Amino acid sequence: MAADTADGTTGTDEADRRRERHGWYFYDFACSVYSTSVLTVLLGPYLTAVAKSAADSGGFVHPLGIPVRAGSVFPYAVSVSVVVAVLAMPLVGAVADRTGRKKPLLAAAAYLGATATAGMFFLDGDRYLLGAFLLIVANASLSVSMVLYNAYLPQIAGPEERDTVSSRGWAFGYTSGALVLVLNLVLYTGHESFGLSESEAVRVCLASAGVWWGAFALVPLRRLRDRRTAGDAAPALGAGAVGAGWRQLVATLKDMRRHPLTLSFLLAYLVYNDGVQTVISQASVYGSEELGLDQTTLITAVLLVQVLAVAGALGMGRLARSYGAKRTILGSLAVWTLILAAGYLLPPRTPLWFYALAGAIGLVLGGSQALSRSLYSHLVPRGKEAEYFSAYEMSDRGLSWLGPLVFGLAFQLTGSYRSAIISLVVFFALGFVLLARVPVRRAIAEAGNPVPERI
């Protein structure tokens, strides 16, 4: 096995390094279709419609005897999926670092999520509980897989390269999302010519995202290499390793207390990314239920987001090289706040203004996520990438349960999606303040990593 270099990457020739990076990019290409087609566009409105078909005369369903508005089923299911992910991600991260075997765990999480997504083909009639269950499994599996995927970043890119490499990964993901959305749009708008009902067309689109995820996950699984820190033992990946993983997790939590500035960044990211993830997952529900927009408009709007997000991710990567990642992220949070205010004021049944809002989201979405990931990679002590990225992923997807919960509760109490959408402003405003207070150069130095010239 090649030795680790001073910058944290592995000493291999440039061709091998490029091949591994391209494989890494392709996991974004594989799984982003789930995030785009399923979570952002199709499943929210469709599951809401399924829940409404099972609702009583007052518009409530009763899972486990608990009265829940049909319109709140989807955001509540997203929140539950996050709780499941919280329980799994730290353990997976600890086991991955302990054994040095990320790929088997990445494969298991990817194919469990892909299978659950493909199973959404059977979501019809009033099977809202089946839909909620499959959403929970797929969303939690995606979160676990992203812990392992993100943990490769410090190992395949040096400190000066990570903003660019991370941004390219997001660009690959948004490219695949846009491509599949075009196919979804063709199938949905022409479903009658394909001999399908509207419901069948949606279910085919949902299931195809799972097939895509599973098929393209083969590329990173072939190209990425398992690594261990020099001198580490390589215990078998079994019950003993799981027990060791729990012990190492406890040690990691204690170790993180030695890096309070890393924790400060995580807190800021937890807050503002909670808002980002909620906007992504609930935008289609807001568009269909509050603004009265049809599914074709929603698909094309998210397609616009995907196309502009590629340019946004690459463009914000360039801005970060000139102004630093932290300042660029802070600028994006100010734009997010303006987007929510505009969304609250958006008049119903006006697709043009909804497209304008989607365009603004696209320009800041990819860059804010990509730069947050690359900035955090500088704050991670070497040899603890998977464990620390499990904490990051808990902030990215794992602890992003509060936003959907607030969104669902706001609708549950008021019956208005406008009240729900404007409630998310606090996440961006507070996140801005918390991030502004983090001295990132000192945080990188205290983590024992080289400080880039501009950060």
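Within each chain, residue numbers correspond to sequence positions counted from 1 in written order. Reporting in this predicted model follows two pLDDT cut-offs: at least 70 for local features of residues, and 80 or more for side-chain atom pairs to be given and counted; totals over whole chains, interfaces and linings ignore these cut-offs and use all residues. Computation of side-chain values covers all heavy atoms of the structure but excludes hydrogens and water.

**Q** What am I meant to see in the pattern of salt bridges here?
**A** Note on pairing: side chains with opposite charge can pair once their charged atoms come close. The rule for a salt bridge is simple: a side-chain nitrogen of Lys or Arg has to be within 4 Å of a carboxyl oxygen of Asp or Glu. Using the criterion set out here, one finds 6 salt bridges in the structure. Here D124 makes a salt bridge to R127, at a shortest N to O gap of 3.5 Å. For each residue, the accessible area found with a 1.4 Å probe, counting protein chains only, is set against the maximum for its type, and the residue is called buried under 20%, exposed over 50%, and partly exposed in between. Accessibility expressed as a relative area gives 27% for D124, which makes it partly exposed.

**Q** I keep staring at the packing of aromatic side chains and nothing clicks. Help me out?
**A** Two numbers describe a pair of aromatic rings. These are the distance of the centres and the angle of the planes. Stacked, tilted and edge-to-face are the three classes applied to pairs of Phe, Tyr and Trp rings, where Trp contributes its six-membered ring and a pair requires centres within 6.5 Å; stacked means planes under 30 degrees apart, edge-to-face means over 60, and tilted covers the rest. Taken as a whole, this structure holds 18 aromatic pairs when the rule is applied. Between Y27 and Y149, the ring centres sit 5.5 Å apart and the planes meet at 45°, which makes this aromatic pair tilted. One end of the pair, Y27, is in helix 1 (residues 14-53); the other, Y149, is in helix 4 (residues 128-151), and 122 residues separate them in sequence. For Y27, a relative accessible area of 0% gives the class buried. A residue is classified by how much of its surface remains accessible, and Y149, at 0% relative accessible area, is buried. Strands here are runs of E lasting at least two residues and helices are runs of H or I lasting at least four, both read from the DSSP assignment and numbered beginning at the N terminus.

**Q** Explain the environment of T115 here, please?
**A** Summarising the element assignment, T115 is placed in helix 3 (residues 102-118). In this structure, the C-alpha to C-alpha distance between T115 and G214, residues 99 residues apart in sequence, is 7.9 Å. Definition of a polar contact: a pair of N or O atoms within 3.5 Å, with one able to donate and the other able to accept a hydrogen when the atoms are protein atoms, and with sequence-neighbouring residues admitted only if both atoms are side-chain atoms. Of note is the side chain of T115, whose polar atom sits 2.7 Å from the backbone oxygen of Y111.

**Q** It is not clear to me how a nonpolar patch on the surface should be interpreted in this structure. Could you clarify?
**A** Within the patch definition used here, like charges are joined within 9 Å and nonpolar side chains (Val, Leu, Ile, Met, Phe, Trp, Tyr) within 5 Å, considering only residues with over 30% relative accessible area and no salt bridge. Using the Shrake-Rupley algorithm and a 1.4 Å probe, accessible areas are obtained, with residue cover drawn only from the displayed protein chains. There is a patch of nonpolar side chains on the surface, built from V182, V186 and F194 and spanning about 260 Å² of accessible area. With respect to the element layout, F194 can be found in the loop between helix 6 (162-189) and helix 7 (198-216). The partly exposed category is assigned to F194, whose relative accessible area is 48%.

**Q** So what exactly am I meant to see when it comes to unusual backbone geometry here?
**A** A negative phi holds for most residues other than glycine; trans holds for most peptide bonds. Positive phi is not limited to glycine here, since L64 has a value of about 55°. Inspection of the secondary structure assignment puts L64 in the loop between strand 1 (60-61) and strand 2 (68-69). Accessibility expressed as a relative area gives 86% for L64, which makes it exposed. Of note in the backbone geometry, R349 takes a positive phi value of approximately 50° without being a glycine. If you trace the backbone, R349 turns up in the loop between helix 12 (325-345) and helix 13 (351-377). According to the relative accessible area criterion, R349 is exposed, its value standing at 60%.

**Q** Can you help me understand the packing of helix 10 (residues 260-290) against helix 17 (residues 425-436) in this one?
**A** Packed helices, taken two at a time, are described by their axes: the angle between them and the distance between them. Orientation of helix 10 relative to helix 17, taken along the N-to-C sense of each, is 155°, at an axis distance of 8 Å. As far as their axial angle goes, helix 17 and helix 10 are roughly antiparallel. Remark: the crossing between helix 10 and helix 17 carries left-handed chirality. Residues F265, L267, A268, V271, Y272, D274, G275, V276 and V279 of helix 10 lie in contact with helix 17, whose contacting residues are F427, F428, L430, G431, L434 and L435. Counted by class, the contact of helix 10 with helix 17 contains 12 nonpolar, 2 polar and 1 charged residues. An axis is simply a line fitted to the C-alpha atoms; with a helix, the fit covers only the stretch in contact. Between two such axes, the angle follows the N-to-C directions and lies from 0 to 180 degrees. Oblique is the label for any angle not covered by the other classes, which are roughly parallel (under 35 degrees), roughly antiparallel (over 145) and roughly perpendicular (65 to 115). Handedness of each helix crossing follows the sense of rotation of the near helix against the far helix: counterclockwise by less than a right angle gives left-handed, clockwise gives right-handed. Contacts: residue pairs with any heavy atoms within 4.5 Å of one another. Residue polarity follows a fixed list, in which Ala, Val, Leu, Ile, Met, Phe, Trp, Tyr, Cys and Pro are nonpolar, Asp, Glu, Lys and Arg are charged, and the others, Gly among them, are polar.

**Q** Got a minute to help me understand the confidence of the model for the protein in this structure?
**A** Looking at the protein, the pLDDT average stands at 83 and 88% of residues meet or exceed 70. Values of pLDDT, the confidence the predictor places in each residue, fall between 0 and 100. For the protein, per-element mean pLDDT is lowest for helix 9 (residues 239-256), which scores 60, and highest for helix 7, which scores 95. Overall, residues 1-8 carries pLDDT values under 50, and its contacts beyond four positions in sequence, including any with other chains, amount to 24 contacts. This stretch, residues 229-239, has a pLDDT under 50; its non-local contacts, to residues over four places away or in other chains, come to 14 contacts.

**Q** Explain the side chain of H259 here, please?
**A** Following the sequence through the fold, H259 ends up in the loop between helix 9 and helix 10. In this structure H259 comes out as buried when scored by relative accessible area, which is 8%. Beyond its immediate chain neighbours, meaning those up to four positions away, H259 contacts P381, Y388, E446 and A447.

**Q** What is the right way to read helix 13 from this model?
**A** Spacing of three or four residues puts side chains on the same side of an α-helix, whose turn is 3.6 residues. The first and last C-alpha atoms of helix 13 sit 39 Å apart over 27 residues, in line with the 39 Å expected at 1.5 Å per residue. Buried residues dominate helix 13, accounting for 20 of its 27 residues. By this rule the span expected of a helix is its residue count minus one, scaled by 1.5 Å.

**Q** Please explain the side chain of S176 as it appears in this structure.
**A** Assignment of secondary structure puts S176 in helix 6. For S176, a relative accessible area of 0% translates into the label buried. Those residues within four positions of S176 in sequence are excluded, and the remaining contacts are D28, F29, S32, V33 and W212.

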